[in-house]
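Residues per chain, in single letters:
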Amino acid sequence: MIKRILFVVSLFSPHVGGIETFVSELSELLKNENIEPVILTKKWPENLKDFEIINGVKIFRIHSFKSRSELNIVSNKIKTFEAD
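Residues numbered from 1 in each chain as written. Predicted model: local features only at pLDDT ≥ 70, side-chain atom pairs only at ≥ 80, totals over all residues. Heavy atoms only, no water.

**Student:** Would you mind going over the pattern of salt bridges with me for this structure?
**Tutor:** Once the charged atoms of two side chains with opposite charge are near each other, the side chains can pair. Inspection of every chain in the model, using the stated rule, returns 5 salt bridges. A salt bridge links Arg4 to Glu36; the shortest N-O distance between them is 2.6 Å. With Arg4 in strand E1 (residues 3-9) and Glu36 in strand E2 (residues 35-42), this pair connects stretches of sequence that are 32 residues apart. Across the salt bridge formed by Lys58 and Glu36, the nearest N and O atoms sit 3.4 Å from each other. Here Lys58 is found in strand E4 (residues 57-62), whereas its partner Glu36 is found in strand E2, with 22 residues between them in sequence. Classification of Glu36 by relative accessible area gives buried; the value is 17%. Among the charged side chains, a salt-bridge network with shared partners connects Arg4, Glu36 and Lys58. (Salt bridge = Lys/Arg side-chain N within 4 Å of Asp/Glu carboxyl O. Helix = DSSP H or I, 4+ residues; strand = E, 2+ residues; numbered from the N terminus. Buried < 20%, exposed > 50% of the residue type's maximum accessible area, 1.4 Å probe, protein only.)

Set out below in structure tokens:
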């Protein structure tokens, strides 16, 4: 059974800063312990990919949602993400 940890962060790569650096470094440590880190973050700027893998870590980028129906759309999209 694969163990996974989901990090929900407001921004991630290519942004660099406090939480981004912490999550990147922690992800590397977790991979060494056979735990799969997965990152859910905001899609900003808009030209970033919805999904990519950086250093072996899956990055999911989504638009912010403001209603329950928008949340459901985002949730369904995450379930069907595939790499480009």
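**Student:** How should I be thinking about the pairing of E1 in this particular structure?
**Tutor:** Looking down a regular strand, the side chains alternate between one sheet face and the other. Strand direction decides the pairing type here: E1 and E2, joined by 7 bridges, are parallel. By the bridge assignment, Val8 is partnered in E2 with Leu40. Taken together, E1, helix H1 (residues 18-32) and E2 form a β-α-β motif whose crossover is right-handed. (Pairing = 2+ DSSP bridges. Right-handed = clockwise from strand over helix to strand, strands pointing away.)

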